Amino acid sequence: AKERGGNTYEFYAEEIGAHAEKRLLLENELRRALNRDEFVLHYQPQVDSATGRPCGFEALIRWQHPERGLVPPGDFIPILEETGMIVEVGDWVLQTALRQLADWHRRGWDGLTMAVNLSSRQFERSGLPETLERALNEHGLDPGVLELEITEGTLMQDVASTTFTLQQLSRSGFGIALDDFGTGYSSLSYLSKFPFTTLKIDRAFVRDIPGDPDHTAITRAIVAMGQGLRLRLVAEGVETEEQRAFLNGLGCSLMQGYLYSRPLSAAAATAWLADSV
Ligand code: C2E
Ligand code: CA
Ligand code: CA
Ligand code: CA
């Protein structure tokens with residue numbers, strides 16, 4: 001038994017070693033990716049389904065890997081967060097997304113907003129509001145056109161400092177969206193405690209409506225609550241006409257999902273805009 005335990009341990013240690021090595025490799029690759037400009041943003045339209053008009057986009061990062069092709073954010077964002085590289089990459093995301101938005105505004109689509117995902121590491125850093133204002137000034141944009149998406153997890157990292165920063169951002173006029181609403185562990189009181197302008201209904205609920213009675217009831221309740229709190233509501237992951245009709249019937253007309261479009265490259269998003277307005 002002793003011998004076997006030893007073998008098991010060795011095997012385990014080897015596993016960890018291999019894992020750590022793979023991680024280190026990926027970390028180095030990500031650092032190179034940043035220097036070589038291998039990150040790209042795709043943009044997914046947000047549409048007002050009542051009028052059929054696009055109202056904005058959400059910027060979503062991808063890694064254009066020289067051999068592996070387009071790598072989805074779920075495969076590398078966690079590592080960027082752990083290493084702290086997300087702060088630098090996050091700055092790049094903000095700059096790139098705002099430059100794209102300014103370009104669309106110049107071409108006449110000047111009502112569009114841009115939603116950008118922020119991780120808690122970016123939030124913890126002091127000076128986020130100043131960084132954001134500088135970036136907006138550089139592109140001649142108003143704070144109201146930028147919507148900062150944060151998750152319940154980010155809020156719970158450090159409630160006191162997050163509250164402070166969010167209030168500062170809110171006073172400056174930035175839009176603040178609570179992303180993936182209903183999937184985390186935050187309390188409902190957060191909704192009135194933090195200065196949100198938008199509530200994003202998670203795809204986990206939208207996916208099962210109107211067939212699943214429980215998720216339908218939850219979606220109904222979220223919409224009613226959002227309306228009561230005078231929040232902008234955006235339904236995520238709308239894929240079917242049935243979902244669209246149901247949400248629209250509830251009074252939630254802003255939507256994002258494959259029914260309208262998948263996330264698109266900058267060029268494809270511009271072509272999509274030209275087609276739809
Ligand atoms: P998220 O913020 O919840 O973004 C929505 C995700 O749902 C995106 O996945 C989008 O492609 C996908 N999606 C949109 N509509 C549909 C639909 O109709 N059906 C289905 N099945 N999926 C849909 P993506 O692009 O893989 O992004 C995954 C997550 O990575 C994001 O979730 C966000 O948490 C994170 N992420 C993406 N870009 C950034 C970034 O620049 N910074 C940070 N910190 N996180 C990011
Ligand atoms: Ca998001
Ligand atoms: Ca989301
Ligand atoms: Ca999500």
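Residues numbered from 1 in each chain as written. Chains lettered and ligands numbered in written order. Predicted model: local features only at pLDDT ≥ 70, side-chain atom pairs only at ≥ 80, totals over all residues. Heavy atoms only, no water.

Asks: Would you mind going over the overall build of the protein chain in detail, with residue names and values included?
Replies: For the protein chain, the count of helices and strands is twelve helices and nine strands. The C-alpha atoms of the protein chain give 21 Å as radius of gyration, which agrees with the globular expectation for 277 residues (19 Å, within 12%). Its C-alpha atoms give the protein chain principal-axis dimensions of about 70 × 45 × 40 Å. Look at the contacts in the protein chain between residues 6 or more apart in sequence, and 67% of them connect residues 24 or more apart. When the accessible surface of the protein chain is totalled, it reaches about 14,000 Å², and 50% of it is carbon and sulfur. (Helix = DSSP H or I, 4+ residues; strand = E, 2+ residues; numbered from the N terminus. Rg over C-alpha atoms; globule rule 2.2 N^0.38 Å. Contact = heavy atoms within 4.5 Å. Areas by Shrake-Rupley, 256 points an atom, 1.4 Å probe, with all protein chains shown as cover.)

Asks: Just give me the short version of the environment of Glu38, but keep the residues and values in it.
Replies: Note on placement: Glu38 falls in the loop between helix H1 (2-35) and strand E1 (39-48). Judged by relative accessible area, Glu38 falls into the buried class, the value being 13%. Between the C-alpha atom of Glu38 and that of Thr165, which follows or precedes it by 127 residues, the distance is 31 Å. Excluding its chain neighbours within four sequence positions, the residues that come into contact with Glu38 are Ala33, Arg62, Trp63, Gln64 and Pro66. (Buried < 20%, exposed > 50% of the residue type's maximum accessible area, 1.4 Å probe, protein only.)

Asks: Before we move on, could you go through empty space enclosed by the protein and cite the residues and values that matter?
Replies: Taken as a whole and judged by the stated rule, the model has one cavity of 30 Å³ or more. Roughly 50 Å³ of volume is contained in the largest cavity. If you go around the largest cavity, the residues you meet are Ser120, Phe123, Glu124, Thr154, Gln157, Asp158, Ser161 and Thr162. Among the secondary structure elements, those contributing two or more residues to the lining of the largest cavity are helix H4 (120-124), helix H6 (152-157) and helix H7 (159-172). With three residues, the top contributor of residues to the lining of the largest cavity is H4. (1 Å grid on protein atoms, 1.4 Å probe; cavity = no way out; pocket = protein on both sides within 12 Å on 5 of 7 lines; lining within 4 Å. Points joined across faces, edges and corners; volume = space filled by probe spheres on them.)

Asks: Pulling in residues and values, what's your account of the site of ligand 1?
Replies: Looking at ligand 1, there are 20 residues lining it, with Gln44, Arg62, Asp179, Glu239 and Tyr258 nearest. Between an oxygen atom of ligand 1 and a side-chain N or O atom of Arg62, the distance comes to 2.8 Å. Protein chains shield 80% of the accessible area of ligand 1, which is 810 Å² for the free molecule. With respect to the pocket detection grid, ligand 1 is positioned in the largest pocket. Counting only elements with at least two residues in the shell around ligand 1, the list comes to strand E2 (53-65) and strand E6 (175-181). Tallying contributions element by element places E2 first for the shell around ligand 1, with four residues. The residue makeup of the shell around ligand 1, split by class, is eight nonpolar, five polar and seven charged. (Near = heavy atom within 4 Å. Polar contact = N/O pair within 3.5 Å; in protein donor to acceptor, adjacent residues only side chain to side chain. Sits in = over half its atoms within 2 Å of the grid points. Nonpolar A, V, L, I, M, F, W, Y, C, P; charged D, E, K, R; others polar.)

Asks: Tell me about the pattern of salt bridges, and name the residues and values.
Replies: Considering all chains together, one arrives at twelve salt bridges under this definition. Between Arg68 and Glu29 there is a salt bridge; the shortest N-O distance is 3.0 Å. Here the residue Arg68 occupies a position in the loop between E2 and strand E3 (69-71), and Glu29 occupies one in helix H1, the gap between them amounting to 39 residues. On the basis of relative accessible area, Glu29 is assigned to the buried category, the value being 19%. (Salt bridge = Lys/Arg side-chain N within 4 Å of Asp/Glu carboxyl O.)

Asks: Could you give an account of the pairing of strand E5 (residues 146-151), with specific residues and numbers?
Replies: Buried residues dominate E5, accounting for five of its six residues. Where E5 meets E6, five bridges bridge the pair, whose relative direction is parallel. The partner of Leu148 across the bridge, within E6, is Ile176. (Pairing = 2+ DSSP bridges.)

Asks: Which residues make up the packing of aromatic side chains, and what values do they have?
Replies: Under the defined criterion, the tally for this structure stands at nine aromatic pairs. Aromatic side chains Phe39 and Trp92 sit 6.5 Å apart centroid to centroid with 50° between the ring planes, which places their arrangement in the tilted category. Residue Phe39 is found in strand E1, and its partner Trp92 is found in helix H3 (residues 86-106); the two are separated by 53 residues along the sequence. Residue classification places Phe39 among the buried residues on the basis of a relative accessible area of 4%. (Phe/Tyr/Trp six-rings, centres within 6.5 Å; stacked < 30°, edge-to-face > 60°.)

Asks: Explain the pairing of E2 to me, and be specific about the residues and the numbers.
Replies: Most of E2 sits out of view: eleven of its 13 residues are buried. Summarising the sheet, E1 and E2 pair through ten bridges and their orientation is antiparallel. Of the residues in E2, the one forming a bridge with Gln44 is Glu58. Hairpin connection between E1 and E2: a loop of four residues separates the two successive antiparallel strands, and Gly52 in this loop has a positive phi of roughly 80°. By the bridge criterion, four bridges tie E2 to strand E4 (residues 113-117) in an arrangement that is parallel.

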